[in-house]
Every structure is written in C-alpha cells, then in structure tokens.
Amino acid sequence: MFTSVDDVSARLAETGYLASPAVATTVFLAARLGKPLLVEGPAGVGKTELAKAVAQVAAARLVRLQCYEGVDESRALYEWNHAKQLLRISAGRDESWDETRTDIFSEEFLLPRPLLTAIRGDEPTVLLVDETDKADIEMEGLLLEVLSDFQITVPELGTVTATRRPFVVLTSNAGRELSEALRRRCLFLHIGFPEEELERRIVRLKVPGLGQALTESVVRVVGALRAMDLRKAPSVAETVDWAHTLLALGAGTLDETVVRDTLGVILKHQDDIQKAAAKLDLDAL
Amino acid sequence: MTAVADRITGLAGALRAHGVRIGTGETVDAARAVEALGLADRELLREGLAATLLHGPGQRALFDSVFDLYFPRGVGGPRETPGDREDLRDRLARALAEDDRALMGRLAAEAVDGLGGYGSSPGSDGWSAYQTLDRLRPQTLLARVRADVRGRDGNGAGFTDRLLDDEIRRRIEEFRRLVGAEARRRVAERRGRDEIARRGVRPTADRVDFLFANRDQLAELRRTVAPLARKLATRLAARRRRAARGTVDLRRTLRSSLSTGGVPMRPVLRRRRPVRPELVLLCDVSGSVSGFSDFTMLLVQALHDQFGKVRVFAFVNRLDEVTGLLDHGRADPDGLGARIRAEATLTGWHGSSDYGVALGEFAERYGGAVGPRTTVFVLGDARTNMSDPNLAAVREVARRARRVYWLNPEPHAQWGTGDSAAPAYADLVEMHECRTARQLGALIARLLPV
C-alpha cells in the first residue's frame, strides 16, 4: 500500500491530513505488518479523520462500524433477513422441506453488517471501528476473531475468510479500559496534541486566510492553555474553530478584548474559562 | 541482524522488568517493524517500536528513557572538545531562544561531558546529571533568553508576550530532561546497559512509592486518578454482575417443588438485593503520609457514583469531616491537600499525628456515620508518636462497621519499628501494605464492597 514512511506522510498530506512522524510510522507499519491499528487520544485530534484519509489515499472503500452501548452481533456482524425468509417459504408452498431449508439459509437472505462486509469484499477496504470504548465488553470478544484471523464464522454458511485483508482502524477515547486481549492484537498509536510546528501547518492548511503572525499567536495561546491543567484542554478541532472565528471577526492581532470575547470557542467549561482568564491576566470577566 | 535482535530482546526485557506486559508475539512484531523501517532514522525506529511493544499511553515516558539506552544517539562523548561553562551557557541561551531541539540535544551531550564527570581522571567513574545542572544552572538563563526573544520579535508588545516566560520554562525543563537522558546513557556505557535500564530509569507513575514521591511525581499521579477510577469502575461492575447470580435458595426450592409432587424440577436462586454500599474514609493527612492520603481521597471521590454514600474524615491529631471539600467540580486536585489543612480543624496543641486521640474523637463524635452497611478504610502509617493507640476506639468502630480495612503506605517490614503501632492495630482490623498506586488499585478492586 505504501513504499515508505515519507510516502505515507506525503500522500496523507495530499488529502489534507497532516500526519506527525509517529502517525505516519504507525500507519506504515500497520499496512506492512497487516495488523489492526488501535488509535487512542483526546477528542478532536483527528482519530476518525485518519481512517478516512487512509481510505482516500488507498482508494479503498471505507466501512464504518460506529460503536455504542448495546451494539451487538446483529448490528456488527450479520443478520438473517427474516421477513424475506418468510416470504420465500410462503412463495414455495408445494416444495419439499429439504429444498426450502437449504434455500433460506443462503447468501441471498443474509444481511451483512459492517464487519462481514469488510471481510467479504474483494476491493481494498478500510474498516473503521469507531469509539470502541463505547461498546460493551462482549463486543470486544466478537472483534477478537475478526482482528486476529480476519475471518467470521456463520454457523449456517461456514467460515468466511478475508480474501483481501482490510486495513483496520479502531478508535477509542479511553472512556473505558479496553481489554488486554484486544490491545495485544493491535498496533497501538496514541495521538496527542500536536507539536507547535505541526499545529501551525494544520491551521495554515485549514484556515488559509489567517495571517502568519496571527496563526502563530493562536497556536501559542492554545499551547499555553493546554499546559494549564484544565478540565477539557482545547484540541486541534478547537484551534481550527478559533482560527475560523478570528477570521470571521476580522481580527488583525490578538489582544485582550478579542481573547476574552472568543475564549468560549476554545474552552467548554465555565470554570475553565475563569481559570484561563485569571492565568492569562485578562481583566475581570 | 543478530546484534539488532539482541537489542530488541534486551529492550523488551528491560520494559518487562518495569512491569510492562510484553509477550513474545510483540517482540516478533517489533523485529518485523525494525526490518520494515530500517535503522536509518532513529525517531522512526522509536515510534515503530513503541507502536508494536506498548499497549497504553501511560508507558510512553518509561519507554522513551529505556529506548534512549538501547538505541543511543551516539557512542562516547561528543567529538568537539567541550567549551567552558560560560561558552556553553551562551550557546544554550541561543538554543533556548530559538527553540532548537537538535542543538539542545547536542549541548546536553557536551554539558554532561564537560561538567558532569566525577571520580578519577582520565575519563571518569561516572556521570551525574545533578552535578551538570548544578554547575550549568540553566534556570538562571530565563531573563537572558526572554530579552533575547523580545529583542528579535520587536519589543514584546503583542498579547502572546505574557506566555513567553512559561514557554521558556518548558524549554528549560526539556533541556534538563535531555541532560538526564544523556547522563544515563554515559553511565550505561560504563556499567552495562541492562543494569541501568532496570535501576536508573524512572518507573511509571503507578509504581512510585507514595512515601518517597516528589512533587512532580505526585502531580503525575493525580493525573492518573481518572483513568484508574474508570478501570476500577469497570472491574466493580463486572464483579457486581457476577455477584447478582445468587446461590440456590433451598427453602424456596423445596417449597416450589411441592407443585411438581416433591421433585425439585427448577432450582430457585437466591436473589441478591442490590445494597448501596457506604464508605467511610479516615485519612491521616500529616506531612509524612499526605501524598498517599490525598491520592486515595481523590480516587474514592472519582468513584463516588459507585456508592450510596461516601464520607471522608481527615485527621492529624484532631479529626474533622472534609467530605464537602472533595465535592466534584470544586476539587482542584493540586491544591486539595493545602485546602484541607487550611479549612478543617486537624490539629490542637501540637502538630504531630496522634492516632489514639483522633480515632477516639471519631468514635465519639461521628459514631453514627458507621452502620452495618458501612465499610471503613483507615489510611495511615500508624505512627502514633509514642502516645496511646486507643485500641478501644478501633474495636468499637470495627464492631459497628461491616468491614474495617487499614491501608498502610509503609513496607510490611517496617511495621512495628520505632513508634509504629501497626501490629497492635493489625490484630484488630485487617491491615494491608499499600505503597504504590498500582497496589492501591489492586487492593481497592479486591476490598471494595459489592
């Protein structure tokens, strides 16, 4: 899929995803070793975006399994189309039982869900299992077979093995501790907040209208806010939002009034805003 | 390739010695990663090995230190003859002003080489990061770097100027870390890599001894409270689910068997009534054990939704309730200890801890807080400063409570030495050694009522 780590960075950059060396290296290894990639990190640093960018680069189909509390086999793997099966049975009244029985458990009546879809396809596929930590523990057990052997067992049909291994990305916000078994089947990647230089490039790419000096100031202020130990530190998404806001307001430089008025864009808790205002020496809010 | 293979297995071994769980599969993956990435770029190699060997974000700092030992930037001292101290300071000031990481790394190597050696020459017996930093004093460069940066960017008019000091401090901190890594590398060359990797590298935060943790480590520990609480909550929920399936209720099974002619066709299971366990925490917050108490209080507070009621009491030689101070949202973890000591009445007459008086006061004033559904945790080293341990009060609390556990941050071997009344208390209530966050996590998962 990729020839080198630089190749990964360059091609991801073409799609508008600027990858840090850690991200590029891990993506390269995941493709080379054929192992799933477990991505953790705070909200808004581009975990899901990474999967989308990889899919775009590899000209692959993106199959997405959004996890939530209570997601189960029939939502993740496959389901039999009961209504259609019933119709089939009533349509062929004069058939013998043996014919009917083998018939209704065939591919035609199978509703493939994301995991099965990703495994069965012949074209290159990127499977994104989003917010894995939201799913219940039982769901992890289900993922194990898929992730280690890239196969799924359907009792009535037999075992479906991937003809072409999908590139698997699992994301997690660390809302729940994922099991050790799942972790050791994956390459682990923690995407933290980017280095200043990278963040400047991201802002420049996403908000090209913002001036050079202002971009630099924005990134520096966000960096200072992250060092403050707030309840919710601003993420890359917030930085970009803030840059958009400043552009819309037509602010030429950062000054106290502008920062005070727009602090709500980057900080989402009232006590965070107060703490930041105090530390940044903004006058009373 | 065998030399590289040895390095990788050595690295994995050192990480295992620090409690990172790495199986053979991961080591093989790491080797395959090295094969795919080549050895040309050290940073790529670092990321590749981290991706294959690690499973969680908490181990990264440890990994970086160990990696620096097994895949060092270079061998021996820097090629240039090191300049004197003033020259180094000049160049460091420039590197800090420009935030030039590569130059800072080179300067760290030169500084350790020039200033950090001790023992007999030629060469030296060892390299000390402490001595290097003590002679170089990078922290005193702050004003100079600030003036330098301001001079370059035009006289500090902008809004971001107020951030400058903190930014420079962070860069200096980074330089100190580089010096530490460099000194370890030089020592490792002399004394053998494996030994230094096992002893010289700072353990992950959850394995630091509470009693010896410094301020930074305690701050780092506090940041692990939330993840640890989540982990424990998951574990408790699993235990609760298992416990919900009760044992066979013989009386009701026989009763229902009457309808099938006395044959017990269907066993009736005893249903567990969901009780909401209550928790009482008695914390010694005197200087010696305050790090341990603060951490535990925060952890219990983070777990508060698992319990019907949590009440927290703090004492030194007098006892006061501090539940209100731990309220969610209000709790600023860093200032917690100071706030407790400022707002609660914890001392009278003198400032050293007195378990006897404090426990007596608890039994007398807050006896009502303890009922048959309450689990009591006492946190402290049981060092009573030679005063009466007041065993009667403990006996009274133990009689009323469902369970009483004592968590002692001292190693088991030291119980009963000096003024410690640990063995006397251990006779009455269950006492556990609890020296690190890891031990605490394991104990809480095991002891907490379901």
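Within each chain, residues carry numbers counting from 1 in the order of the written sequence. Each chain takes a letter, starting from A, and each ligand takes a number, starting from 1, following the order in which they are written. Totals for whole chains, interfaces and linings use every residue, but because this is a predicted model, local features are given only for residues with pLDDT of at least 70 and side-chain atom pairs only at 80 or more, for both listing and counting. Water and hydrogen atoms play no part in the side-chain values, which are based on all heavy atoms of the structure.

### Side note on the overall build of chain A
Only DSSP runs of H or I reaching four residues or more are called helices, and only runs of E reaching two or more are called strands; each is numbered from the N terminus. A count of helices and strands for chain A gives 14 helices and nine strands. On C-alpha atoms alone, chain A measures out to a radius of gyration of 24 Å, which is more than a quarter above the 19 Å that the 2.2 N^0.38 rule sets for 285 residues. In chain A, buried positions account for 49% of the 285 residues. We call two residues in contact whenever any of their non-hydrogen atoms come within 4.5 Å of each other. For chain A, long-range pairs separated by at least 24 residues make up 74% of all intrachain contacts whose partners lie at least 6 apart in sequence. Per-residue and other accessible areas follow the Shrake-Rupley method at a 1.4 Å probe size, with only the shown protein chains counted as cover for residues. Looking at chain A as shown, the accessible area adds up to about 12,900 Å², and 50% of this sits on carbon and sulfur atoms. Averaged over its 33 positive side-chain charges, chain A has a centre that lies 2 Å from the centre of its 44 negative ones. In this description the radius of gyration comes from C-alpha coordinates, and the expected globular size is given by 2.2 Å times residues to the power 0.38. Think of it in three bands: with a 1.4 Å probe and only protein chains considered, a residue is buried below 20% of the maximum accessible area for its type, exposed above 50%, and partly exposed in between. Counting rule for charge: Lys and Arg are taken as positive, Asp and Glu as negative, and neither His nor the chain ends is counted. Here the site of a charge means atom NZ of a Lys, CZ of an Arg, CG of an Asp or CD of a Glu.

### Structural notes on the packing of helix H14 (residues 290-302) of chain B against helix H19 (residues 437-447) of chain B
The angle between the axes and the distance between the axes are what describe a pair of packed helices. Residues and elements named next belong to chain B. Viewed as axis vectors pointing N to C, H14 and H19 meet at an angle of 40 degrees, and their least axial separation amounts to 12 Å. On the basis of their axis angle, the class for H14 and H19 is oblique. Read as a crossing pair, H14 and H19 show a hand that is right-handed. Of H19, the residues touching H14 (which contributes Phe 292, Phe 295, Thr 296 and Leu 299) are Ala 437, Leu 440 and Ile 444. Helix axes are fitted to C-alpha atoms over the stretch in contact, other axes to C-alpha atoms as well, and angles between N-to-C directions run from 0 to 180 degrees. Oblique is the label for any angle not under 35 degrees, not over 145, and not in the 65 to 115 range, which are roughly parallel, roughly antiparallel and roughly perpendicular in turn. Crossings are assigned a handedness: left-handed for a near helix turned anticlockwise from the far helix by less than a right angle, right-handed for a clockwise turn.

### Describing the interface of chain A and chain B
Facing 38 residues of chain A, the contacting portion of chain B comprises 30 residues. The buried area of a pairing is the accessible area, by a 1.4 Å probe, that goes missing from both parts when the two are put together, added over both. For the pair chain A and chain B, the summed buried surface comes to about 3,000 Å²; carbon and sulfur atoms form 58% of the total. The working definition used for a salt bridge is a side-chain nitrogen of Lys or Arg within 4 Å of a carboxyl oxygen of Asp or Glu. At the surface where chain A touches chain B, the tally comes to three salt bridges. Residues Glu 167 of chain B and Arg 220 of chain A are paired through a salt bridge, measuring 3.1 Å at the closest nitrogen-oxygen approach. Counting of polar contacts relies on pairs of N or O atoms within 3.5 Å, with two restrictions inside protein: one atom must be capable of donating a hydrogen and the other of accepting it, and residues adjacent in sequence are counted only when both atoms are side-chain atoms. Inspection of the region where chain A meets chain B yields five residue pairs in polar contact (both at pLDDT 80 or more). Among the secondary structure elements, those contributing two or more residues to the side of chain A that touches chain B are helix H2 (21-33), helix H9 (180-184), strand E9 (187-190), helix H11 (212-226) and helix H13 (256-266) of chain A. For the side of chain A that touches chain B, the element with the highest residue contribution is H2 of chain A, accounting for eight residues.

### Points about the domain arrangement of chain A
Residue and element names in this part refer to chain A. Where each domain starts and ends follows an automatic or database-derived domain assignment. According to the domain assignment, chain A consists of domain 1 (5-77 + 114-190), domain 2 (80-112) and domain 3 (196-279). The distance between the C-alpha centroids of domain 1 and domain 3 comes to 31 Å. Between domain 1 and domain 3, a total of about 590 Å² is buried, with carbon and sulfur atoms accounting for 63% of that surface. Three residues stand out in domain 1 for area buried against domain 3, namely Gly 16, Leu 18 and Gly 44, and they jointly supply 67% of the buried area on that side.

### Details of the nonpolar core
In this structure, Leu 12, Val 27, Leu 37, Leu 50, Leu 225, Trp 242 and Leu 254 of chain A are the most contacted members of the largest nonpolar core, which totals 67 residues. With seven residues, the top contributor of residues to this core is H11 of chain A. Beyond its immediate sequence surroundings of up to four residues, Leu 37 of chain A is in contact with Thr 26, Val 27, Ala 30, Leu 50, Phe 167, Val 168, Val 169, Leu 170, Leu 187 and Leu 189 of chain A. Throughout, nonpolar core names a set of buried Ala, Val, Leu, Ile, Met, Phe, Trp, Tyr and Cys residues whose side chains join them through atoms within 4.5 Å. Listed in part, the 54 residues of the second largest apolar core include Ile 22, Val 34, Leu 92 and Ile 172 of chain B.

### Notes on the state of the cysteines
Residues and elements named next belong to chain A. Criterion for a disulfide: a pair of cysteine sulfur atoms within 2.5 Å. Taken as a whole and judged by the stated rule, the model has zero disulfides over all chains. Left without a disulfide partner, Cys 186 is nearest to the cysteine sulfur of Cys 67, which lies 12 Å away. Taking relative accessible area as the criterion, Cys 186 reaches 2% and is therefore assigned buried.

### Considerations on the pairing of strand E8 (residues 430-433) of chain B
All names here are of chain B. Only when DSSP finds a minimum of two bridges between them are two strands counted as paired. The pairing of strand E7 (residues 403-408) with E8 spans four bridges and is classified as parallel. Residue pairing for E8: Asn 408 is matched across the bridge by Glu 433. Crossover handedness is defined by viewing with both strands directed away from the observer: a clockwise path from the first strand over the helix to the second marks the crossover as right-handed. Regarding topology, helix H18 (residues 422-428) serves as the crossover connection from E7 to the parallel E8, and that connection is right-handed.

### Details of the sheet that holds E9 of chain A
Two modes of strand pairing occur in sheets, parallel and antiparallel, and in both the strands are linked by backbone hydrogen bonds. Residues and elements named next belong to chain A. Reading across from one edge, E2-E5-E8-E1-E9 is the order of the five strands in this open sheet, with parallel pairing throughout. Of all the strands in the sheet, just strand E2 (61-66) and E9 have a single pairing partner and so form its edges. For this sheet the average axis-to-axis angle between neighbouring strands, irrespective of direction, equals 20 degrees. Bridge count for E2 against strand E5 (residues 125-130) is six bridges, and the pairing is parallel. The partner of Leu 65 across the bridge, within E5, is Val 129. Across the sheet, H2 lies against strand E1 (37-40), strand E8 (167-172) and E9, angled at about 160 degrees from E9, the strand it touches most.

### Brief notes about the pairing of E8 of chain A
Residue and element names in this part refer to chain A. By the criterion of burial, E8 is predominantly enclosed, with six of the six residues buried. Here E8 shows two buried faces, one formed by Phe 167, Val 169 and Thr 171 and the other by Val 168, Leu 170 and Ser 172. With four bridges connecting them, E1 and E8 associate as parallel partners. By the bridge assignment for E8, Leu 37 is matched with Val 169. Relative to E8, E5 runs parallel, the two being bridged by four bridges. Across the sheet, residue Leu 127 finds its bridge partner in E8, namely Val 168.

### Quick notes on the packing of aromatic side chains
A pair of aromatic rings is counted whenever rings of Phe, Tyr or Trp (Trp by its six-membered ring) have centres within 6.5 Å, and the orientation is called stacked for planes under 30 degrees apart, edge-to-face for over 60 and tilted otherwise. Under the defined criterion, the tally for this structure stands at eleven aromatic pairs over all chains. On the numbers, 5.2 Å between centres and 20 degrees between planes, the contact of Phe 67 of chain B with Phe 71 of chain B is stacked. Among the aromatic residues, ring-to-ring pairing joins Phe 315, Tyr 355, Trp 406 and Tyr 425 of chain B into one connected group. Both a distance and an angle decide whether a charge sits over a ring: NZ of Lys or CZ of Arg must be within 6 Å of the ring centre and within 35 degrees of the ring normal. The ring of Phe 109 of chain A carries Lys 84 of chain A above its face, with NZ or CZ at 5.7 Å from the centroid.

### Some thoughts on the sheet that holds strand E5 (residues 319-321) of chain B
Residues and elements named next belong to chain B. Read across the open sheet, the six strands follow the order E5-E4-E3-E6-E7-E8; overall the sheet is mixed. If you trace the sheet from one side to the other, it starts and ends with E5 and E8, each paired once. Sheet twist, expressed as the mean angle between neighbouring strand axes with direction ignored, is 20 degrees. Pairing between strand E3 (residues 278-284) and strand E4 (residues 309-315): seven bridges, direction parallel. From the neighbouring strand, Leu 282 faces E4, where its bridge partner is Phe 313. The sheet contacts of H19 involve strand E6 (374-379), E7 and E8, and relative to E8 the element is tilted by about 150 degrees.

### Quick word on the side chain of Ser 257 of chain B
Residues and elements named next belong to chain B. If you trace the backbone, Ser 257 turns up in helix H13 (residues 250-257). Overall, the relative accessible area of 3% leaves Ser 257 in the buried class. With residues near it in sequence (within four places) discarded, Ser 257 still touches Gly 262, Val 263 and Pro 264.

### A word on helix H3 (residues 42-53) of chain B
Spanning twelve residues, H3 of chain B covers 16 Å between terminal C-alpha atoms, matching the ideal 16 Å at 1.5 Å per step. Burial runs high along H3 of chain B: eleven of the twelve residues are buried. Residues of H3 of chain B that are buried: Arg 42, Leu 44, Leu 45, Arg 46, Glu 47, Gly 48, Leu 49, Ala 50, Ala 51, Thr 52 and Leu 53 of chain B. Those residues of H3 of chain B that are buried lie in contact with helix H1 (5-14), H2 and E9 of chain A together with helix H1 (2-17), helix H2 (24-37) and helix H4 (60-70) of chain B. Its side-chain oxygen placed 2.9 Å from the backbone nitrogen of Glu 43 of chain B, Asp 41 of chain B serves as the N-cap of H3 of chain B. A helix is expected to reach a length of 1.5 Å times the quantity of its residues less one.

### What about the packing of helix H6 (residues 101-115) of chain B against helix H7 (residues 129-136) of chain B?
Residue and element names in this part refer to chain B. One can describe the packing of H6 onto H7 by two numbers: an axis separation of 9 Å at closest approach and a directional angle of 95 degrees. Relative to H7, H6 is oriented roughly perpendicular. In contact with Ala 111, Val 112 and Leu 115 of H6, H7 contributes Gln 131, Thr 132, Arg 135 and Leu 136.

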